[in-house]
Amino acid sequence: MTHIRSRREALRLLFLISPSLFWLIVFFFVPLLLVFAISFGERGTYGGVRWVLNLENYRRFFDPLYLRIFGRTLYIAAATTIICLLVGYPLAYFIATRPPRWRNAFLLLLMIPFWTNFLVRTYAWLLILRDKGLINTFWTGSLHMGLLQLSRLLPLPIWEPLLRATANPLTLFGTDGAIIIGLVYGWLPDMVLPCYAAIERFDFSLVEAAQDLYANRRQSFLRVILPMTMSGVVAGSVLVFIPSLGAYVTPDLLGGAKSIMIGNVIYSQFMAARDYPFGSAVSFVLMAVMLAGTLIYFRTGRE
Amino acid sequence: MRSNKRQAGKVQKRRRGRWLNRLLSLHGVLGYIFLYAPIVILVIFSFNASRFVSDWRGFTLQWYTRLFGNQAIGAALRNSLIVAGASTLISTVFGTMVALAMERYRFRGKMAFDALLYLPIIIPDISMAVMLLLFFVLAHWNLGLITIIISHVAFNISFVAVVVRARLAYFDISLEEAAQDLYANEWQTFRRVTLPLIMPGILGGALLAFTLSIDDFVITFFTAGPGSTTLPLRIYSMVKLGVTPEINALSSMMLLASMGLVFLSLMLQKGGKGGMDIV
Amino acid sequence: MSTYAIQLKDASKHFGSVIAVDRVSLSIHDGEFFSLLGPSGCGKTTTLRLIAGFELPTQGDIYICGELQGETPPYRRPVNTVFQNYALFPHMTIFQNVAFGLEMQKVARAEIRQRVSEVLEMVRLPGMGGRKPSQLSGGQQQRVALARALVNRPRVLLLDEPLGALDLKLRKAMQLELKELQRRVGITFVYVTHDQEEALTMSDRIAVMQHGRVLQVGTPEQIYEQPASRFVADFIGETNFLEGQVKGRRGSEVAVVVDGVLTLHVPAERAVGMEDEVTVAIRPEKISLHAEPPDAQAVPGVVEEVIYTGTDTRYLIRLTGQTIVTVRQQNVAVGSSACFAPGTRLYLRWQPESARLLMA
């Protein structure tokens, strides 16, 4: 790396960074400050913003209504992260322990959903989970009919509750569970890839060394493999948790009107209620939480 | 006797190992089924003759023919390509330049600039969307393709910079010294040595920018105006109106396109490897 | 003033608070094979980079062929470099690599083709032009790096540990080849190495460096036979150091008493005072062993250990309570290795001029 010594080098540096610097300041940093400023303002009578300085918007965020939504958002993001980890780590381990030629094929298969439009991927789950979706078509259709026929062949009391259960569709759409499934589906590759990178780098002769030193499989996993691939676990968790926290599309499409997250609150403040100051405040809290999380990640990552 | 017992124990342990391996393979297979089942279902039902998506009534291509006749979708596709093309071009040039600056120079305020560069990656879509909307509204800019492109460049610069910096980080600086030692000036060194060697990184960054731009829904949704509907916006409004096999057909086409992009990126990586052998 | 290929006048290079090169002055003759020798971190590579122009001196001046360089960028200096890791352009063929410098100098195409094939011939890689660097072995890559520099016919060739990545046998072969090549093309070579044997084998003159400073400049023989300091004596070859005090003077010799019991007579090239703490350095192969005292100068000792190493036998011999010296005897006759068994009392003898008096 070069320290800037001559005028020539200073000019070159300026040439290289000024377009991006300009763009990021005007179209990122200024808007960021704007949101921050507006979050202390007040909603005007016809939408718009009245520039006063108060903390009312932040106080309002602590209303039980919004706190509950924020709590649900945290819960959904945490559940998504944990499920992604439980599914993703073994999957990454599976890929990393295949022969190299197969490994690339498996990675390629992982990349295809990863590069597919998020909206399309969420829509696919809508097809499966909604009331007239694939699962419920089977549940109230083929399964119900089948049970009906069975009950005619063998009239036993056990059919009664089963028939009653399959008469109506399952409530899948519009639940927290549906959102979690959608988010897990959306972000699973983000968990698998860093875990894979860590496991692939891992030197498996260390396991042999551990087993040579009388560690059994469980011990060598917990004491050797897991600690040495922790960087991948942490990176993957951050990559899943942070976007899950700010999710908008998934709760909007799969959560219906009943299950909403903080992203939907921001959306409705801007697009429906036209309360820019409150929307800005909520958005700022979300950003702050996420930045804090990222900072903690970098702190722990350095150790 | 005892050694026999120990032998038996070992065999049992080995069996358990094999059993664990099978469980891992089973998990792998199930994992991939989880990843692909929804996509496969989506594609299958795009050929469904019934208007109702989950009710199979035989094979048809009518949704695809209808799709190609749909002018609104054509216009959305055109908008998407304009936005993705323009924002990719701008952000790739700017992002590469800033990556070179960040990897090669030390200067005052670098830490702060580094943070500013990473922020658009970390900040959630919805927050960034809101920020930009407020900015454009208060600046009295008409929302449209231009505002979408500006917004996409604002997040894509950072992604391109990260990818190119990763490539530059393990660039052997003595190659540039060798070029200068062989009478190449700074510009010739960049053109003949640095640029060709980091090209896979730049193309990778461009591909990522293109994908992010063409896939983006939230930020586009907030910064779009009348007449600047992109493909994801179109799909979203169609889904909101109701699930139809036409959306399935459109989604399947997009799936095909993203598979093409994956193979493209794979080829770039292969091309990059040839150049990295020595490093 | 005679023409020097390279001159450094009080050149220093600081990296922050680290002084990599400390007031180095060197004059390298035209057509000379000059080595910069020292342990890693001694500043030899930085010195080379100062000459090449990759670094600019914090203080001092650098002249190439009599011209002051100042802030001249590398691409305007009449020197070429062979890099430690070769730095071959991985995206270019061998031909393109070698032609690069000529192309940058706007040499005509036909001439480029001719000069490249000539130089590839010279480094014994004819017909390899179409390959990529990654398809060559380490030794072949090394030759391409050499060809890529030599094709420009530089006034001075700078080589930064060019053989460091090769295995021992190949390195020995390349050492001779390089030396032969240098004689043939008559270009000044400035050669950086940490391998003292390599420097001794190839160089016309050597500069030994430590902590950014040049400790001694001289021919290989001067450096080996008359080391100016304890570091030089220790770094190059093997040396016995006997520490003692000056107790007397007899003509050009001084008497040094080691451990209070053993008196050695050593020629004094420098002024030493009575009672000064000094070190006497003697190379192990300069000492001969005798069963009976050959003359009054001989020193008695007891064999502690005998180590057979093929060409030589090494004896560790205790002179006094604390002092043990190493003696090396060539195994001239078959079966002579066990000449002196451990525990044998014997006498050591050396030519007075073989012992060097160094300041402690």
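Definitions and cut-offs
- Residues numbered from 1 in each chain as written.
- Chains lettered and ligands numbered in written order.
- Predicted model: local features only at pLDDT ≥ 70, side-chain atom pairs only at ≥ 80, totals over all residues.
- Heavy atoms only, no water.
- Buried < 20%, exposed > 50% of the residue type's maximum accessible area, 1.4 Å probe, protein only.
- Helix = DSSP H or I, 4+ residues; strand = E, 2+ residues; numbered from the N terminus.
- Pairing = 2+ DSSP bridges.
- Contact = heavy atoms within 4.5 Å.
- Salt bridge = Lys/Arg side-chain N within 4 Å of Asp/Glu carboxyl O.
- Polar contact = N/O pair within 3.5 Å; in protein donor to acceptor, adjacent residues only side chain to side chain.
- Nonpolar A, V, L, I, M, F, W, Y, C, P; charged D, E, K, R; others polar.
- Axes fitted to C-alpha atoms, helices over the stretch in contact; angles between N-to-C directions.
- Expected span 1.5 Å × (residues − 1).
- Bend = angle between axes of the 7 residues up to and from the residue.
- Parallel < 35°, antiparallel > 145°, perpendicular 65-115°, else oblique.
- Domains from an automatic or database assignment.
- Buried area = accessible area lost by both parts, 1.4 Å probe.

Q: Break down the pairing of strand β3 (residues 33–37) of chain C for me, citing the residues and quoting the values.
A: As a general feature of sheets, a regular strand has side chains that alternate between the two faces. Residue and element names in this part refer to chain C. Of all five residues making up β3, five are buried, and the element is well covered by its neighbours. Neither face of β3 is open: one carries F33, S35 and L37, the other F34 and L36, and all of them are buried. In this structure, β3 lies alongside strand β8 (residues 188–193), joined through five bridges in parallel fashion. What sits directly across from S35, in β8, is Y191. In this sheet, strand β9 (residues 205–210) lies alongside β3 in parallel orientation, the contact comprising four bridges. Within β9, the residue paired with F34 across the bridge is R205.

Q: Provide a residue-level description of the interface of chain B and chain A, including the pertinent values.
A: Chain B puts 86 residues into the contact, and the matching count from chain A is 84 residues. Joining chain B to chain A, the criterion identifies three salt bridges. Among the salt bridges present, the one from R8(A) reaches E186(B), with a minimum N-O distance of 3.2 Å. Across the contact surface, chain B and chain A share 16 residue pairs in polar contact (both at pLDDT 80 or more). A total of 17 residues in the side of chain B that touches chain A trace back to one element, the largest contributor, which is helix α1 (residues 2–45) of chain B. Looking at the side of chain B that touches chain A residue by residue, the classes come out as 63 nonpolar, 15 polar and eight charged.

Q: Lay out the sheet that holds β3(C) in plain terms, naming residues and giving numbers.
A: Residues and elements named next belong to chain C. Here six strands make up an open sheet; going across it, the order is β6-β7-β8-β3-β9-β10 and the pairing mixed. Strand pairing shows two members of the sheet lacking a second neighbour, β6 (79–82) and β10 (213–218), which therefore form its edges. Ignoring strand direction, the axes of neighbouring strands in this sheet form an average angle of 20°. Examined bridge by bridge, β9 and β10 share five bridges and lie antiparallel to one another.

Q: Just give me the short version of helix α8 (residues 186–215) of chain B, but keep the residues and values in it.
A: All names here are of chain B. Taking 1.5 Å per residue as the helical rise, α8 with its 30 residues ought to reach 44 Å, whereas the 38 Å between its terminal C-alpha atoms falls clearly short. Within α8, the axis deviates most sharply at M199, by approximately 50°, and proline P200 lies no more than four positions further along. For α8, the side-chain oxygen to backbone nitrogen distance between the N-cap and W187 is 3.2 Å, and the N-cap itself is N185.

Q: Would you mind going over the packing of helix α2 (residues 94–104) of chain C against helix α4 (residues 138–150) of chain C in detail, with residue names and values included?
A: All names here are of chain C. Relative orientation of the contacting elements α2 and α4 amounts to 30°, with a least axis distance of 7 Å. Taken as axis vectors, α2 and α4 run roughly parallel relative to one another. On α4, the residues touching I94, N97 and V98 of α2 are V144, A147 and R148. Among the residues forming the contact of α2 with α4, the class breakdown is four nonpolar, one polar and one charged.

Q: Give a detailed account of the domain arrangement of chain B, specifying residues and quantitative values.
A: Residue and element names in this part refer to chain B. What the domain assignment lists for chain B is domain 1 (1–45) and domain 2 (62–278). Here domain 1 and domain 2 have C-alpha centroids that lie 40 Å from each other. Listed as interface residues are four residues of domain 1 and, on the opposing side, five residues of domain 2. For the pairing of domain 1 and domain 2, the buried interface totals around 410 Å² over both sides, and the portion due to carbon and sulfur atoms is 66%. It is L42, V43 and F45 that lose the most area in domain 1 upon contact with domain 2, and together they represent 83% of the buried surface on that side. There are zero salt bridges connecting domain 1 and domain 2. The tally of links from domain 1 across to domain 2 stands at one residue pair in polar contact (both at pLDDT 80 or more). Split into classes, the residues belonging to the side of domain 1 that touches domain 2 amount to four nonpolar, no polar and no charged.

Q: So what's going on with helix α6 (residues 145–169) of chain B? Which residues, and what values?
A: All names here are of chain B. Helix length check: α6 (25 residues) gives 35 Å between terminal C-alpha atoms against 36 Å at 1.5 Å per residue, within 8%. When the local axis directions of α6 are compared, the greatest deviation, roughly 30°, occurs at N156. Summarising burial for α6: 18 of the 25 residues are buried, a large majority.

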